[in-house]
Amino acid sequence: MTPQEYIQLKAFARQDGALLSLLWIGGFACYIKGLTNPLLGLASLLLIILSPFFAANRLRHFRDEARDGIISFRRAYAYIVLSFFYAGLLLAVVLFVYFNFIDDGFLLGQFTQKFNTTEGQQALQMYGLKEQMVQGLKDLAEMRPIDYALNMLTFNIITGFLLGIPIALLMHRTVAAPKL
């Protein structure tokens, strides 16, 4: 890969990473609102499930428009990893801002409220998870906003490395498809 091709790859990955981050930010917003509205919780799940398909579609666009229909597995993999990295960075910034300035204990309060209901207590006792849940809530209360952001950034980077393999395998092409 020439330096110019690498610059091109990074530029497209940055743009598509920004678009992917919008999908993730929407999913996060739906998740937070979904704690009080189950329909938005479902929308959050759907947005997250759509992420790899969206990334594959953006890779296809890069392959067909910028690379004339040809892209190696290595380049496709690098593109996906970089896209997830850039998307993860933007999501981490949004999470930091949310937990530092907006949340004010809402998420922890919602979890505590759900587990303090009669049904929640029965489920925790039935599965023997009461002590673990108390410790988990205590750990969440002690987390700083930067911890949430860095944990999600790490998760998204690892996800990019893992999902990049099947996406790149499906989307790489050594011969351009004939144009109709």
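Note that the coordinates shown come from a computational prediction; the quantities given were computed from them, not determined experimentally. (Residues numbered from 1 in each chain as written. Predicted model: local features only at pLDDT ≥ 70, side-chain atom pairs only at ≥ 80, totals over all residues. Heavy atoms only, no water.)

Draft legend 1. Structural context of unusual backbone geometry. At Asp68, a residue that is not glycine, the phi angle is positive and equals roughly 55 degrees. Residue position: Asp68 is located in the loop between helix H2 (38-66) and helix H3 (73-102). Although it is not a glycine, Asp104 sits at a positive phi angle of roughly 50 degrees. In this structure, Asp104 sits in the loop between H3 and helix H4 (106-115). (Helix = DSSP H or I, 4+ residues; strand = E, 2+ residues; numbered from the N terminus.)

Draft legend 2. Main features of the packing of aromatic side chains. According to the stated counting rule, one finds 10 aromatic pairs in the structure shown. With centroids separated by 5.0 Å and ring planes inclined at 80 degrees, the aromatic side chains of Tyr98 and Phe99 adopt a geometry described as edge-to-face. Pair check on accessibility: Tyr98 and Phe99 agree, each one buried. On the numbers, 4.0 Å between centres and 15 degrees between planes, the contact of Phe99 with Tyr148 is stacked. Highlighted residues: Phe99 in helix H3 and Tyr148 in helix H7 (residues 145-171), separated in sequence by 49 residues. Residue classification places Phe99 among the buried positions, given a relative accessible area of 12%. Look at Tyr148 and you get buried, because its relative accessible area is 17%. (Phe/Tyr/Trp six-rings, centres within 6.5 Å; stacked < 30°, edge-to-face > 60°. Buried < 20%, exposed > 50% of the residue type's maximum accessible area, 1.4 Å probe, protein only.)

Draft legend 3. Summary view of the packing of H2 against H3. Running from N to C, H2 and H3 cross one another at 130 degrees; their axes reach a closest spacing of 11 Å. One way to sum up the angle between H2 and H3 is to call them oblique. Crossing of H2 over H3 shows right-handed handedness. Counting all contacts with H2, which are made through Ala55, Arg58, Leu59 and Phe62, the residues of H3 involved are Ala76, Tyr79, Ile80 and Phe84. Tallied by class, the residues present in the contact of H2 with H3 amount to 7 nonpolar, no polar and 1 charged. (Axes fitted to C-alpha atoms, helices over the stretch in contact; angles between N-to-C directions. Parallel < 35°, antiparallel > 145°, perpendicular 65-115°, else oblique. Left-handed = near helix turned anticlockwise from the far one by under 90°. Contact = heavy atoms within 4.5 Å. Nonpolar A, V, L, I, M, F, W, Y, C, P; charged D, E, K, R; others polar.)

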